[in-house]
Amino acid sequence: MSNPILQLDMMRRSVELPNAEHWVKQSSAGHRRYRIMAAQPMGQAPPAGYPVIYLLDGNSVFHTMVETLRLQCHRPDKTGILPAVIVGIGYDTEGQYAPDRFYDYTPFPNTKFRNKFDGNSVPEQGGAAEFLQFMEEDVKPQIESEFNIDRNRQAIFGHSLGGLFTLYAMFNKPQAFRYYIAGSPSIHWNQEYLREMEQRFTERVKEDPLQVRLMLGAGELERSHVTGNCISACQLAERLAPLSGYGIHAEFKEFESEGHLSVLPVLISKALRFALNPDD
């Protein structure tokens, strides 16, 4: 006679995220392939629609952000986090990271860094403008047509090279998002060009004020890294602080005892409170 408990134990299925889906999308301009991941909350959307967070390197952190949000958004009065749609933009691969990110997230090629820290040569670079166009003209219209989105509460989250792109997007098209979260941004990659963009951004907002919020974050252990990005991020927040009178809010958060990768879970939790605060 068969054992029903043993039979139940053998009925195993893949674990899936609730209310989440993914598809492959090709960019209109460069015809590059991306994996788009989207998750929405259960229940009725608020009258203005859901806030939305566009997440770079979706293959690596989409699940973490979605589950962190799902755990905390049921009690916004206690957690300070509203329900939101999470959109991960990744690549058509099963790996956590793809070489294409070097092209998509960098404004210009870096001639000083010809090899990555693992010794391998650096892939093609310099496609940030094209990737931002893909987000604005391809991804956002599709998401807004399929989900109930509050266009006044859009955020972008990027880490490392994704953090560099987040700063690039804010400096070049600040109206694209209201919230910018740049974790451990690779400022060293295009440092001189980034300072030029920052100066033009500063001049622009003094003439035409905006409502933009920027959070920069890094792990405490990153202070000793040769790139100096932790210090650079802190200094950037300090330089932008005087623009508060023109609608620019910039803050820097250093996470105790965390490194470049271990910072991601705590950074995500902090980013959700930053972008989804019900009182904002």
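In this text, all values refer to a predicted model and were calculated from it rather than measured experimentally.

Once that is clear, we can look at the packing of aromatic side chains. Each aromatic ring pair is characterised by the separation of its centres together with the angle its planes make. Across all of its chains, the model carries 14 aromatic pairs by this definition. Pairing Tyr54 with Phe177 gives two aromatic rings, centres 6.0 Å apart and planes at 65°, and the pair type is edge-to-face. Separated by 123 residues along the polypeptide, Tyr54 in strand S3 (residues 50–56) and Phe177 in the loop between helix H6 (161–172) and strand S6 (179–183) bring together distant segments of the chain. In this pair, the class of Tyr54 matches that of Phe177, namely buried. With 5.1 Å between their ring centres and 75° between their planes, Phe131 and Phe165 make a pair best called edge-to-face. Taken together, the residues Phe131 in helix H5 (residues 128–146) and Phe165 in helix H6 connect sequence positions 34 residues apart.

Further remarks concern the pattern of salt bridges. Enumeration over the complete set of coordinates arrives at 16 salt bridges. For the salt bridge of Arg195 with Glu198, the shortest nitrogen-to-oxygen distance reads 3.5 Å. Of this pair, Arg195 and Glu198 both sit in helix H7 (residues 191–207), 3 residues apart, which is roughly one turn of the helix. Among the residues examined, Glu198 registers a relative accessible area of 6% and is labelled buried. Members of the salt-bridge network, linked through shared partners, are Arg33, Arg35, Asp92 and Glu94.

Conventions we followed
- Counting restarts for each chain: residues are numbered from 1 in the order of the written sequence.
- Two thresholds apply to this predicted model, a pLDDT of at least 70 for residue-level local features and 80 or more for giving and counting side-chain atom pairs, whereas whole-chain, interface and lining totals are computed over all residues.
- The basis for the side-chain values is all heavy atoms of the structure; hydrogens and waters are excluded.
- Whether two aromatic rings pair depends on their centres lying within 6.5 Å, for rings of Phe, Tyr and Trp, where Trp uses its six-membered ring; planes under 30 degrees apart make the pair stacked, over 60 edge-to-face, and the rest tilted.
- Numbering of helices and strands runs from the N terminus, with a helix taken as a DSSP run of H or I at least four residues long and a strand as a DSSP run of E at least two residues long.
- Exposed residues in this analysis have more than 50% of their type's maximum accessible area, buried residues have under 20%, and partly exposed residues fall in between, with area computed by a 1.4 Å probe over protein chains only.
- Salt bridge, as used here, is a side-chain nitrogen of Lys or Arg placed within 4 Å of a carboxyl oxygen of Asp or Glu.

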